[in-house]
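Summary of structural features
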Amino acid sequence: MQAARLSGKAFDGMGIKLENVSYIYEVGTAMQTAALEDVSLEIPENQFIGLIGHTGSGKSTLVQLLNGLLKPTEGRVLYNGKNIHEQDYDKRALRAEVGLVFQYPEHQLFEADVLSDVMFGPRNLGLDEAACKKSAVEALTSVGIGEEYFKTSPFDLSGGQKRRVAIAGVLAMHPKILILDEPTAGLDPRGRDEILGLISEMKQKMSMTIILVSHSMDDVARYVERIIVMGHGKKIFDDEPRRVFRHYRELEDLGLSAPQITYILQELKEKGLDLETDALTVAEAADEIIRKLGGPDR
Amino acid sequence: MFKDITLGQYYQTDSLLHRLDPRVKIVGTLVYIISLFVVDTFAGYFVCLLFLAAMICLSNVPVGYIVRGMRAILILLLITMSFNLFLTPGEVLVRIGFLKITREGLIFSLKMAIRLSLLVIGSSLMTLTTTPNQLTDAIESLLNPLKRFRVPVHEIAMMMSIALRFIPILMEETDKIMKAQIARGADFESKNLIKKMKSLVPLLVPLFISAFRRANDLAMAMEARCYRGGVGRTKMKPLIYEGRDQAAYMLLVAYFAICVLLRFLRLPFLI
Amino acid sequence: MIKISRLIHDYIQRDEEGNPSGTIRALDDISLDVEPGQFIAILGHNGSGKSTLAKHLNALLFPTEGAVWVNGLDTRDQNLIWDIRQTAGMVFQNPDNQIIGQVVEEDVGFGPENMGVPTQEIWNRVEESLKAVGMYEYRKKSPNRLSGGQKQRVSIAGVIAMHPRCIVMDEPTAMLDPSGRADVINAAMTLNREEGITIILITHYMEEAIRADRIFVMDEGKVAMQGTPREIFSRVEEMQALHLDVPQVTLLAHTLRQRGLSIPEGILTREELAEALLGGN
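Residue numbers run consecutively from 1 along every chain, following the written order of its sequence. Naming scheme: in the order in which they are written, chains are lettered from A and ligands are numbered from 1. Whole-chain, interface and lining totals are the exception, using all residues; otherwise, since this is a predicted model, local features are given only for residues with pLDDT of at least 70 and side-chain atom pairs are given and counted only at 80 or more. To get the side-chain values, all heavy atoms of the structure are used, and hydrogens and water are removed first.

Time to look at the environment of Asn192 of chain C. Residue and element names in this part refer to chain C. Helix and strand assignments come from DSSP, with helices taken as H or I runs of at least 4 residues and strands as E runs of at least 2, each series counted from the N terminus. Within the secondary structure layout, Asn192 lies in helix α6 (residues 178–195). As a C-alpha pair, Asn192 and Leu277 span 85 residues in sequence and 33 Å in three-dimensional space. Whether two residues touch is decided by their heavy atoms; if any such pair falls within 4.5 Å, the residues are in contact. Those residues in contact with Asn192, other than ones at most four positions away along the chain, are Gly37, Gln38, Phe39, Ile197, Thr198 and Ile199. At 2.9 Å, the side chain of Asn192 and the backbone oxygen of Ile197 are in polar contact. Identification of polar contacts relies on pairs of N or O atoms within 3.5 Å, with a donor-acceptor requirement for protein atoms, meaning one able to donate a hydrogen and the other able to accept it, and with residues adjacent in sequence counted only if both atoms are side-chain atoms.

Spelled out as C-alpha cells, the structure:
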C-alpha cells in the first residue's frame, strides 16, 4: 500500500511478504521477550530500501526472518507467494535468492584464497566447478576486487577489501534480494564511502532489491528510495525518505536521528527563513537556501 | 540444549550455602565424593543422601531445578546400570534369552546408580551456589602451597576465569558465524559423518581466528591496566574464613567420621 | 602532560620463514605537545598511524627513534613502564575484548588490584569510578548483559579507578550505535571538564572532534594538520583530500560560500550558520 505508492512499483506477489509476523525469544520461560510484534511488510523486486532502527529495535530479527534463518512465532513469511516454512520448501534455494550479508562479514572468511572463498556459496548450491568459478569471478569484479587478488589469502587483505570479498561471497549466489546488515560498521570515512558507493552502483547495474540495514540516517538517506523504521519490535514508519524525516522528533524518541542536514534546515526555518526542509544532501540544501535568499546578487 | 544442563551453572539466591567461603565448598565437595566411595552399604548411602538433602535444604535451590539437571546424565546412568546389571556373574535371578540378571548384578548396579546420582547432584550443588569467580579464587587459594614447587597457580586461576568470561561470547559468535554460513548455503545438519566434519571447517576457521584476535586484544588491554602476574597484587574480594566456615569444616569432619565408621564397623544387618 | 619529540616507529616485516625482510614506517617524525587538562582529538583514516601513536602513550609500543614523555616520564626507560601505564590509561575499540572481570565491579577493580592498592581503597575507587561514568547501578551485573555503550563506560571506569592523569581512547565508539556513542563521549567530556583529566580521543567521527580543544590530523604516519576544530574544519578541501569528513553544517556553509554567499569559513554549529545567514536581517 504505502510502499507500493512510493516508486510506482505495485507489489505483484513477487518478492517477500510478511503477514502479521511476531517473533518471541525463549517462549514459555521467564526470559520471554517479544523481538517483533505484528509486523506486516512487502518487499517487492528491484527496490532500494533502508531499514533503520536502534539496537534492540527488532531489525536484526526481522532480517533473519526474511531469509528463513528464524521462524516466526506467529504470522507467515511468503516468498513469491509461497509460505517459506511449508514442509517441503527448499530453504537453500530461498537463501540463494534472498542473500544476507551479516555485520562484520569479513569475520566469516575461511578459505585459503579469495576466489575459493567466494566460490563457497555457489558450490553449496550444487553448481559445477566452471559455473561456480564464473559466478565468483563476476561477483569479485563487481565489488572491485581485481584478478591480482584472486589467489591471495583473504586474511592478507585490508579491512575494506576483506569486507568487499565477503559481500562478493553472497553476491556470487545471484540473489534477487540482497540484505546488508550494517555494511559500514567499523570502517573509516573512506571505507564507508567506498562501500556505500559500491552498493548503489550494484543497485544500478543489476536489477535487484537491496535492503540496507543501518542505524545511521546519514548513511542511507541519499541512496535509498524507501525507508522502514523499526522501534520496540514494531514497524513505525515505512515511506519515502523525505516523508520519514519530517517526523524527526519521533525519530529522536526512538533513539534515532534524522540526517544532519534536516536539522540544519529546521533550525533555519525556526529562525525565520521560510524554506522547504526536506533536502537530503548538502547540494540540495544549498540550492534551497540560495533559492530563498536569492543568491549572491540579491 | 544447553539450557537443560544445570551442572556448572550458578543459581542466584541468598542462602547459608551461598554465603559460605568457596574453599569450604570445594573441600566439602571433595570430601563428599570420597565419602561416596568409602561407604559401601545401602545404609551408608542413606546417610550420604540425608547429608545431601540437608545441604539442598540449606541452599534454597529448588529441588525441581536440581532434578531437571539430572536429565542430562540419565542416559549415562542407564548405560552403566544395564552393563552392571547384565554382566556381573553370580546367582541368577531372571533369564531373558541370553541375558541374565544376577543378584550381585542387581545390587551392584543399584549401588552404582545411587553413587553416581549423589555424586552429580553433590558437585552440581557446589556450582549452583558458588559463582565462577569465587571458584577460581578458591582454587587459587587452595593450590597456593603448590607455588613452592613452581606451579603457576595464579596464572592457572586467571586463565580459568578468563575462559569462563569468554565462553558466552564465543558461543554467541559460533551462532553468528553458523547463521552467516547457512545464509551462504552451508549445511550443518547433514547426517553423513564425513560431510558433517567437512561442514565444520567454515565454522571453525573463523571461530579460531576470532578467538586469537580476542586473546591478542585482551592481553594488550590487561597490560595497559598494569597486569604483570600475581606478584604484588592485592585482592578486591579477599577470602577470609569466618565462624560459620569453621563450623562447616567441623561438620564435614563429623560426617566423614560417620562414613568411615559405617564402613569398618561391619554391622551384620547391613548389605 | 605529553611531549613527543621526533618520534619514528618502524614495524618489522617478516617473510614466510619469520626472518626480517624489511620495515614499514608507521610513524614518521612526529612531534607534538599536549597540555594538562586538554581534550585532544586525533583524526585520520585507517592506516594513518593514529593507533600506533596511541600505543606509544601507554608504553605498549616503544619508539624506534625519538622519544615520548608522559608527565615527564620517558617511555624508553623500562623501569618506568608501570608508572606510565598508570598515568596514561587506555580504552580500546572492542568493548568485549577489554573487559576481564565477570562482574562489572570486579572488572573495575582489576587495575587497582594489579597496582597493589589495599582492599578497602579498591572498593572506594570502584564506587567513585562507576559513579563518574553513570554505571554504579550496574555494578553487580555481568558485562555480557550490557549494551556496547555501557561496556565502554565500564572500561572507562576501569581506567579511572587507576587514578590516571590522562586517558587515551583508541576509537572507543567505532563499534557502537549513535546513542552508545553519545554516552561514551559525554562520559569522557565530563571527566575532562570536572576532574581535569587529559583526554586524547582517537576517532573518525567528526562530530566527536568538534568539542575538542585541539585536533591533530594524521596521514601516512605524519601530523598533516593541527589546530582548533574551527581552524581544521575551515580547510574543507584539504580534509576531503585526506578522505576525512567535515561536519555537514561546515560543508554546507562552505558550499554556500563557494556559490557566492558571504559567510565566514569554519562554521561548526547550526546556530552559527543561522547567525551568518540571517543575522543581518
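With that settled, consider the nonpolar core. For our purposes a nonpolar core is just a set of buried Ala, Val, Leu, Ile, Met, Phe, Trp, Tyr and Cys residues, chained together by side-chain atoms within 4.5 Å. With a 1.4 Å probe rolled over the protein chains alone, any residue whose accessible area is under 20% of its type maximum counts as buried; one over 50% counts as exposed, and the rest are partly exposed. By size, the foremost hydrophobic cluster in this structure holds 75 residues, and its most contacted members are Ile289 of chain A together with Phe233, Leu252, Leu273 and Leu277 of chain C. Contacts of Phe233 of chain C, omitting those with residues within four sequence positions, involve Leu43, Met206, Ala209, Ile210, Ile215, Met239, Asp245, Val246, Pro247, Thr250 and Leu268 of chain C. Listed in part, the 50 residues of the second largest apolar core include Leu157, Ala168, Ala172 and Leu196 of chain A.

With respect to the helices, strands and loops of the structure, Thr136 of chain B is situated in helix α6 (residues 132–143). Excluding residues that lie within four positions of it along the chain, Thr136 of chain B makes contacts with Ala157, Met160, Ser161 and Leu164 of chain B.

All right, on to the domain arrangement of chain A then. All names here are of chain A. Each assigned domain of chain A is listed here: domain 1 (2–258) and domain 2 (259–298). A C-alpha centroid distance of 33 Å is found between domain 1 and domain 2. Listed as interface residues are 13 residues of domain 1 and, on the opposing side, 11 residues of domain 2. Note on terms: buried area is the combined drop in 1.4 Å-probe accessible area of two parts once they are placed together, counting the loss on both. Summing both sides of the interface, domain 1 and domain 2 together bury roughly 1,000 Å²; the carbon and sulfur share of this comes to 56%. Interface area lost by domain 1 to domain 2 is led by Arg242, Tyr248 and Ala258, which between them contribute 50%. Any carboxyl oxygen of Asp or Glu within 4 Å of a side-chain nitrogen of Lys or Arg constitutes a salt bridge here. At the boundary of domain 1 and domain 2, one finds 3 salt bridges. Seen at the junction of domain 1 and domain 2, the total is 7 residue pairs in polar contact (both at pLDDT 80 or more). By the convention adopted, Pro, Cys, Tyr, Trp, Phe, Met, Ile, Leu, Val and Ala count as nonpolar, Lys, Arg, Asp and Glu as charged, and the other residues, Gly among them, as polar. For the side of domain 1 that touches domain 2, a count of residues per class yields 6 nonpolar, 1 polar and 6 charged. For the purposes of this description, domain bounds are those given by an automatic or database domain assignment.

Residue and element names in this part refer to chain B. Each pair of aromatic rings taken from Phe, Tyr and Trp, with Trp reduced to its six-membered ring, is defined by centres within 6.5 Å and is described as stacked if the planes are under 30 degrees apart, edge-to-face if over 60, and tilted in the remaining cases. One pass over the full model with this rule turns up 9 aromatic pairs over all chains. With a centroid separation of 5.8 Å and an interplanar angle of 25 degrees, the aromatic rings of Tyr32 and Phe51 are classed as stacked. Residue Tyr32 is located in helix α2 (residues 22–38), and its partner Phe51 is located in helix α3 (residues 42–59); the two are separated by 19 residues in the primary sequence. Taken individually, Tyr32 and Phe51 each receive the classification buried, so the pair is uniform in this respect. Between Tyr241 and Tyr249, the ring centres sit 5.6 Å apart and the planes meet at 70 degrees, which makes this aromatic pair edge-to-face. Looking at Tyr241, the relative accessible area reads 33%, which means it is partly exposed. Here Tyr249 falls in the partly exposed class, since its relative accessible area comes to 24%.

Once that is clear, we can look at the sheet that holds strand β9 (residues 226–231) of chain A. Residue and element names in this part refer to chain A. For two strands to be treated as a pair, DSSP must find at least two bridges joining them. Here 6 strands make up an open sheet; going across it, the order is β6-β7-β8-β3-β9-β10 and the pairing mixed. Where the open sheet ends on each side, the last strands, each with one partner, are β6 (98–101) and β10 (234–239). On average, adjacent strands in this sheet sit at an angle of 15 degrees to one another, irrespective of strand direction. Where strand β3 (residues 48–53) and strand β8 (residues 209–214) come together, 5 bridges link them in parallel fashion. Looking at the pairing, Phe48 lines up with Ile210 of β8. Each of β6 and β7 (177–181) touches helix α6 (residues 159–171); the most contacted strand, β6, lies at about 165 degrees to it. With axes taken as lines fitted to C-alpha atoms, and helix axes fitted only over the stretch in contact, angles between N-to-C directions fall between 0 and 180 degrees.

Attention shifts here to helix α4 (residues 119–132) of chain C. Residue and element names in this part refer to chain C. Between its terminal C-alpha atoms α4 stretches 20 Å, which fits the 20 Å expected from 14 residues at 1.5 Å a residue. Of all the residues in α4, the buried ones are Ile122, Arg125, Val126, Ser129 and Leu130. One side of α4 carries all its buried residues, which in axial view fall inside an arc of 120 degrees. Turning to α4, the residues buried within the fold contact α3 (104–115) and α5 (148–160). Of the residues one or two after α4, Gly134 is the one with positive phi, at around 70 degrees. By this rule the span expected of a helix is its residue count minus one, scaled by 1.5 Å. Directions are taken from the helix axis to each C-beta atom, and the arc is the one they span.

Next up on the list: empty space enclosed by the protein. As defined here, a cavity is a set of points on a 1 Å grid over the protein atoms alone where a 1.4 Å probe fits but cannot get out. A pocket is an open set with protein on both sides within 12 Å along at least five of seven lines, and residues line them when an atom is within 4 Å of a point. Grid points are joined across faces, edges and corners, and a volume is the space filled by probe spheres set on the points. Applying the stated criterion to the full structure yields 4 cavities of 30 Å³ or more. The calculated volume of the largest cavity comes to roughly 320 Å³. Residue lining of the largest cavity: 18 residues in total, with Asn133, Asp137 and Ser161 of chain B together with Glu106 and Glu113 of chain C positioned closest to the centre. Quantified by volume, the second largest cavity comes out at close to 80 Å³. The wall of the second largest cavity is formed by Leu100, Val101, Phe102, Pro105, Gln108, Leu109, Ala166 and Val170 of chain A together with Ala180 and Arg184 of chain B. Broken down by class, the residue content of the lining of the second largest cavity amounts to 8 nonpolar, 1 polar and 1 charged.

Here we come to helix α11 (residues 260–270) of chain A. Counted residue by residue, α11 of chain A has 8 buried out of 11 residues, so it is predominantly covered. When we look at burial in α11 of chain A, the residues that qualify are Ile261, Thr262, Tyr263, Ile264, Leu265, Gln266, Glu267 and Leu268 of chain A.

To continue, consider the interface of chain B and chain C. With 29 residues of chain B in contact, the opposing surface of chain C contributes 38 residues. Of the roughly 3,100 Å² buried at the junction of chain B and chain C (both faces included), carbon and sulfur atoms supply 53%. On the chain B side of the interface with chain C, the three residues burying the most area are Arg165, Arg225 and Met236 of chain B, jointly 30% of the side's total. Inspection of the region where chain B meets chain C yields 5 salt bridges. Across the pair Glu106 of chain C and Lys237 of chain B runs a salt bridge, and its minimum N-O distance is 2.9 Å. Summed over the shared surface of chain B and chain C, the result is 21 residue pairs in polar contact (both at pLDDT 80 or more). Every element with two or more residues in the side of chain B that touches chain C is listed here: α6, α7 (153–183) and α8 (193–224) of chain B. Ranked by the residues each element gives to the side of chain B that touches chain C, the list is headed by α8 of chain B, at 9 residues.

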